[in-house]
Amino acid sequence: MEPLDPLGLVSLYLLLSGYLYTDLSHPTKEGGKENSTISNAETRFVCVYFILVSYEVYLFFLFRPLQNFFLIIGRRPAGWMAAVGDLQFEEFGNAAATAAENPGATTISIEGPGESPAHQAGLPRGSGGEEDDELLGNDDSDKTELLAGQKKSSPFWTFEYYQTFFDVDTYQVFDRIKGSLLPIPGKNFVRLYIRSNPDLYGPFWICATLVFAIAISGNLSNFLIHLGEKTYHYVPEFRKVSIAATIIYAYAWLVPLALWGFLMWRNSKVMNIVSYSFLEIVCVYGYSLFIYIPTAVLWIIPQKAVRWILVMIALGVSGSVLAMTFWPAVREDNRRIALATIVTIVLLHTLLSVGCLAYFFDAPEMDHLPTATAAPNQTVAAAKAR
Amino acid sequence: MAKAAESSGEPGTTSPRPLMRDLKAVGKKFMHVLYPRKSNTLLRDWDLWGPLILCVTLALMLQRSSVDSEKDGGPQFAEVFVIVWFGAVTITLNSKLLGGNISFFQSLCVLGYCILPLTVAMLVCRLVLLAEQGPINFMVRLFVVIVMFTWSIVASTAFLADSQPPNRKALAIYPVFLFYFVISWMILTFTPQ
């Protein structure tokens, strides 16, 4: 059901309009300031009007599609569910019809908690032959997953919906981190470790740790590089934390979003064997960033060669995890597009690491030359001052 | 109820009683943090006065003193405040999402009170910085901050660990570690202008 009923919304709108209108007709400032007063109130009026209209549009036009969107991004890949979907498609045929007839009814509360054991039982059977199950059309399997219910069956505004994204134990998180550090050729990170249980714990806290690791290591490294200089005054550079946070969280969420959209688009054109849900892509990207935490700490060492070797190693490890994960998703496609996708993924990863190195860590050797020439002058000046 | 009856009998002391009672409660919780034992006092009678006092004290001491160092410097008062409260809320949400059975405000209360050792560290660092700067100065500060950081972690773990499911304890404790580490870093790198 809609969160705010239309009657309440309309009355709120009238109330706010009344307030703003009275403010308009009685300008508080006098004389030459009248123009600015009127334009301020007009601006406020337009803003409030815009907000309320957008909210009304959202309620009446976007609410249902957004609900479906949240269901889609949480769904498992088609291959896993196809075997179970065969069994369950007839059961939910009627439910689908009734859901279509009643636009007011929510489509998500169709199956109860008793259905999930059936899914769990279905998975081991389906996992062996998942590569062949994709002969179902993608549209059918999408609808099947939407209606056949996944474990994320609560509406997206309840707390339980988000709890399903944190349904991991300590050993599972460690296993996933280990998997991201040791890419084995032929083993797919998603299939091996995530197994349709994507979590948001790993990506969120790995990104948080990385933000602070980069900011603190950058600060420490700059301090150590400029340690001998008399003119250098240490500042904690607190601004850099927020910049690092913006960069890393944007990378960890926007790039998977773009990649997911791109893969969905290619899926509609070419039948692919493997497709990933949005959360699984976020998961892979989040865990693949783990290698940069020790790398950032080791970047404190002020040697250019050491830093670039570290960049190569980190890029090799995480790039290969990403490439091996996404290669099966694009290999059925046009050769050029597949290669271009993989190259773009690795290129963006490179850009992130090199950009972080360049922005947060000062170059080590450049600063030693001025120090060497300035030091004799400074010691002479200090001697003269005494 | 018995206490209220006693207090109303004494002349001229009815109005300051709630304040004294609250202050005593806050002080008692401070003692519980400084000597962490397995007790439920912090969780049962939670209040947010202690965390507020500590957060304001920490933010006042950590803010950069001069206005012209806008570009690169230490955090502003509001930034420290936001970090402490936003960090505490994030950790609480994380532990609730992982399936912990602790209430929102109880968790905020525990995290806020366990900043007390770090506030003490900040006071000590401020005093040490009045002496001459140098490597020894830095070593003393580093030692104090490390000890207080460990104390904070031990104290908050003693209170928070029991509320988590046993196979997810480490997942819930790690954000607490990160939170206090960041605050310790801010304290350690504080330089007076």
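Conventions adopted
Residues numbered from 1 in each chain as written. Chains lettered and ligands numbered in written order. Predicted model: local features only at pLDDT ≥ 70, side-chain atom pairs only at ≥ 80, totals over all residues. Heavy atoms only, no water. pLDDT = per-residue confidence, 0-100. Helix = DSSP H or I, 4+ residues; strand = E, 2+ residues; numbered from the N terminus. Contact = heavy atoms within 4.5 Å. UniProt positions renumbered as here; feature names shortened; annotations may be inferred. Buried < 20%, exposed > 50% of the residue type's maximum accessible area, 1.4 Å probe, protein only. Polar contact = N/O pair within 3.5 Å; in protein donor to acceptor, adjacent residues only side chain to side chain. Core = buried A, V, L, I, M, F, W, Y, C linked by side-chain atoms within 4.5 Å.

A. Inspection of the confidence of the model for chain A at higher detail. All names here are of chain A. A residue-level look at chain A finds 56% of positions with pLDDT of 70 or above and a mean pLDDT of 71. The lowest-confidence element of chain A is helix α5 (residues 115-128), averaging 38 in pLDDT; the highest-confidence one is helix α13 (residues 292-298), averaging 94. A low-confidence stretch, residues 367-379 (pLDDT under 50), is modelled with seven contacts involving residues beyond four sequence positions or located in other chains.

B. Region of interest: the UniProt feature "transmembrane region" (unreviewed entry) in chain B. Residues and elements named next belong to chain B. UniProt feature "transmembrane region" (unreviewed entry): in the numbering of this structure it lies at residues 48-65, 77-98, 104-131, 138-160 and 172-191. Summarising residues 104-131: 86% helix, 0% strand, and an end-to-end C-alpha distance of 42 Å. Between the first and last C-alpha atoms of residues 138-160 the distance is 32 Å; the span itself is 100% helix and 0% strand.

C. How the structure looks around the environment of H233 of chain A. Residues and elements named next belong to chain A. Looking at the element boundaries, H233 is found in the loop between α10 (201-225) and α11 (239-269). Judged by relative accessible area, which is 45%, H233 ranks as partly exposed. Counting along the chain gives 10 residues from H233 to F223, while the straight-line C-alpha distance between them is 9.1 Å.

D. Region of interest: the side chain of H349 of chain A. Residue and element names in this part refer to chain A. Tracing the backbone through its elements, the reader meets H349 in helix α15 (residues 335-360). Side chain to side chain, H349 and Y251 meet in a polar contact 2.5 Å long. Setting aside chain neighbours within four positions, we find H349 in contact with Y251, S288, L289, Y292, L315, S318, G319 and L322.

E. Region of interest: the nonpolar core. Formed by 71 residues in total, the largest nonpolar core has its most connected members in Y201, I281, Y285, L289 and F326 of chain A. Looking at this core element by element, the count peaks at 11 residues for helix α14 (residues 304-330) of chain A. Sequence-distant contacts of L289 of chain A, that is, excluding residues within four places in its chain, are made with I206, C207, L210, Y251, A252, H349 and L352 of chain A. With 45 residues, the next largest nonpolar core counts F238 of chain A together with M61, V110 and I153 of chain B among its residues.

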